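Residue-level structural notes
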Amino acid sequence: MPDTAPTAGIELIDNDGHLGDTPLVSARGLTKQYGSLTALDSLDLDVQRGSVFGIIGPNGAGKSTLFTILSTLLKPTSGWATVCGFDPVHNTKDVRGRIGYMPDVMGVYDQLRVDEYLEFHAAAYGIHRREWPELVDGLLELVDLDVKRTAMVDDLSRGMKQRLSLARAMVHDPDLLILDEPASGLDPRARIEFRELLAELQNLGKTILISSHILAELQRMCSEVAVIEAGRLLAAGSPDAILEQLGSGRRATVRFLNGNSAEYPVTDEAEQAALLKRLVSEGNEVVEFTMASHDLESLFLQITEGIVQ
Amino acid sequence: MTKLFSLKIASINPVLDRELRQRSRSSRSMVVLTLFLGALIGVAYLSFLAASETSQYSSNPLAHLTQTVGRTVFETVLLVELLILMLIIPAFSAGAVTSERDRQTLIPLQVTLVGPIGIFMGKVAASAGFVLLMMIASAPVLAVPFILGGLSLSTIVASLAALLLIGVLLASIGVACSCIFRKTQTATLAAYASVLALVLGSLFATAALALIDSSRGTDRIEIRPWPLYFNPILAVADVAGGTEGRTVGPLGGASEAFLTARLEGGPDVVFQNGQAFNRRTGQVIDAEDSWQWLPVWARSLGAITMFALVLSTWAVRRLKAPYREIPS
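Summarised in this report is the structure supplied together with it. Here the structure is a predicted model, which is why all the values come from computation and not from measurement. (Residues numbered from 1 in each chain as written. Chains lettered and ligands numbered in written order. Predicted model: local features only at pLDDT ≥ 70, side-chain atom pairs only at ≥ 80, totals over all residues. Heavy atoms only, no water.)

**Brief notes about the overall build of chain A**
Within chain A, the secondary structure is distributed over 10 helices and 12 strands. Counting all 309 residues of chain A, 50% fall into the buried class. Sequence-distant contacts, at least 24 apart, represent 67% of the contacts inside chain A between residues at least 6 apart. With an accessible surface of roughly 13,800 Å², chain A has 46% of that area assigned to carbon and sulfur atoms. (Helix = DSSP H or I, 4+ residues; strand = E, 2+ residues; numbered from the N terminus. Buried < 20%, exposed > 50% of the residue type's maximum accessible area, 1.4 Å probe, protein only. Contact = heavy atoms within 4.5 Å. Areas by Shrake-Rupley, 256 points an atom, 1.4 Å probe, with all protein chains shown as cover.)

**Points about the sheet that holds strand S4 (residues 78–83) of chain A**
Residue and element names in this part refer to chain A. An order of S2-S1-S4 is seen for the 3 strands of this open sheet, with the pairing classed as antiparallel. Each edge of the sheet is formed by a strand with only one pairing partner; in this case those strands are strand S2 (37–47) and S4. Averaged over neighbouring strand pairs, the angle between their axes works out to 20 degrees when direction is ignored. Judged from the 7 bridges that link them, strand S1 (residues 25–34) and S2 form a sheet pairing that is antiparallel. Bridge assignment links Leu30 to a residue of S2, and that residue is Leu43. (Pairing = 2+ DSSP bridges. Axes fitted to C-alpha atoms, helices over the stretch in contact; angles between N-to-C directions.)

**Re the layout of surface pockets**
Of the pockets and cavities examined, the second largest pocket occupies roughly 520 Å³. What lines the second largest pocket is a set of 22 residues, among which Asp110 of chain A together with Glu19, Arg23, Arg28 and Ser99 of chain B lie closest to the centre. Within the residue set of the lining of the second largest pocket, elements represented by two or more residues are helix H2 (14–25), helix H3 (27–55), helix H4 (62–93), helix H5 (98–102) and helix H9 (184–215) of chain B. The element best represented in the lining of the second largest pocket is H2 of chain B, accounting for 4 residues. Partitioned by chemical class, the residues of the lining of the second largest pocket number 5 nonpolar, 9 polar and 8 charged. (1 Å grid on protein atoms, 1.4 Å probe; cavity = no way out; pocket = protein on both sides within 12 Å on 5 of 7 lines; lining within 4 Å. Points joined across faces, edges and corners; volume = space filled by probe spheres on them. Nonpolar A, V, L, I, M, F, W, Y, C, P; charged D, E, K, R; others polar.)

**With respect to helix H6 (residues 188–203) of chain A**
Residue and element names in this part refer to chain A. In this model, H6 (16 residues) spans 23 Å end to end at C-alpha, consistent with the 22 Å of a helix rising 1.5 Å per residue. Listed in full, the buried residues belonging to H6 are Ala190, Phe194, Leu197, Leu198 and Leu201. End-on view of H6: buried residues confined to an arc of 100 degrees, all on one side of the axis. Away from its buried face by more than 90 degrees, H6 exposes Pro188, Arg189, Glu196 and Asn203. Looking at the buried residues of H6, the elements they touch are strand S5 (99–102), helix H4 (132–142), helix H5 (158–169), strand S6 (176–180), strand S7 (207–211) and helix H7 (215–221). Downstream of H6 by a residue or two, Gly205 has a phi angle that is positive, lying close to 90 degrees. (Expected span 1.5 Å × (residues − 1). Arc of directions from axis to C-beta.)

This is how it looks when you write it as structure tokens:
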């Protein structure tokens, strides 16, 4: 397998300057080794435009390594990736202009106001200063920080800093947002607000690549997920599709009048109806019939082995 | 900082703009500047008292005496200012990039379109801005000896310009160390070690070359002066007129040492009225120097610039992502 993206570069973009149906992010055989430690092991990945793609994995699974490679900060040992049609190793400027990267820890500057922080990054992306006031207004409104416009960045709460960090990643209107553990350390309210903000970004047509430890968060917002462990891809697709692949998706929990209860695997609604009919026809006194499906958490536990590198 | 000025700087280099904003709000710069000026004024006053006291016993006319006092005060202040710059700038500049790493702000900056050269230049320019502020603030102190006589306005301006350039080069060395090393303490140590290498290392290198020559069994020690060009004190001494023998103050020591080395005369060389003589034969000694068309200060500043450029190139490479391994 070649170590450079065979189609990386402008040729992936059509005459209208769009990527068409090509995945916004692709990786093939992506491997990263630190000495004897393999952080990523021949990872294959496709992220479609407009999707919210969740990366799930335990600590040390290789999530942050993957994100830093895609964000042009780290060279893979072998394999290749394309981001927005460009190779993140050789076309760094092209990739940087199209992605917004939010690392897991948000660094803040002292002695700098919120609006100045965003203006600084707007300038760093070469945005003309005439556009700054409108841009900063829009971003602060989006992340609900307009009342903190003149506050010092280091005086903000953690949740506000995370939102500001997201606004910073959005300052140049990128096609792709790469968010590494954006909800870590947030209280439940801040987490809900952050989730709502991401939903808003999805409605704006942004493609979001996100990792999180809080799997319930990802299940609510992700159209697709990839489960990685020890640098290897264990499963990828929509959460429901993965559950179906594993054959452990829908379950019917039945409670009988005598106090007993039982669980029956069902594949779809037709089978669910047939099961209920059969139980009743067999003379069982059913008092409760509820459907339960595996959530992302149980899926994660089922397919990972807790390998930590 | 006015809004318009800030906007223009931000268009040129956003890192510089942000640094200037932050520094203007910090009390650290102002405290350092106040202490720096206080020290210079103290040195100027003390050297004035000392030079006046010494001149009382001279039989020279009064006009000559005031000129001697003026020149001595000027050279003393200039030398102390240079020493303070060498002390302050590494501490100020060596945390430029390491502090960004510590604060986790470097990575978001590296994924923008600024690029490693932009980041490096912004940091150096911000430190150079502080050096410029120090030079402007110290100009009145250096102007006091001008009233006493013994030196021209052009000498003062040229000396300040040389100090400014050396300050900028020291700042670039400090920022370069900050890019090369991961921790602020290591970077600060490396920056001070670099300054020491320039000041003392150049002397040791010259002495070492002379020793190597003497160990070869030659009857006359030949001193090759080129390592001395890396010494910032030599550059300032030459700009202030030192290496041409016009000096009477503390820069005289530097200039005589340099002349001794440059003329390859060894310990038999004596100086009088800007000329070098052989003590034994009484002959005037001229340097055999194919680079004579280039002033000593230009050679010296060129050598220091080369040193700073080598470190800066290394530093920019260290800032360039993607990395094989992300510096923590």
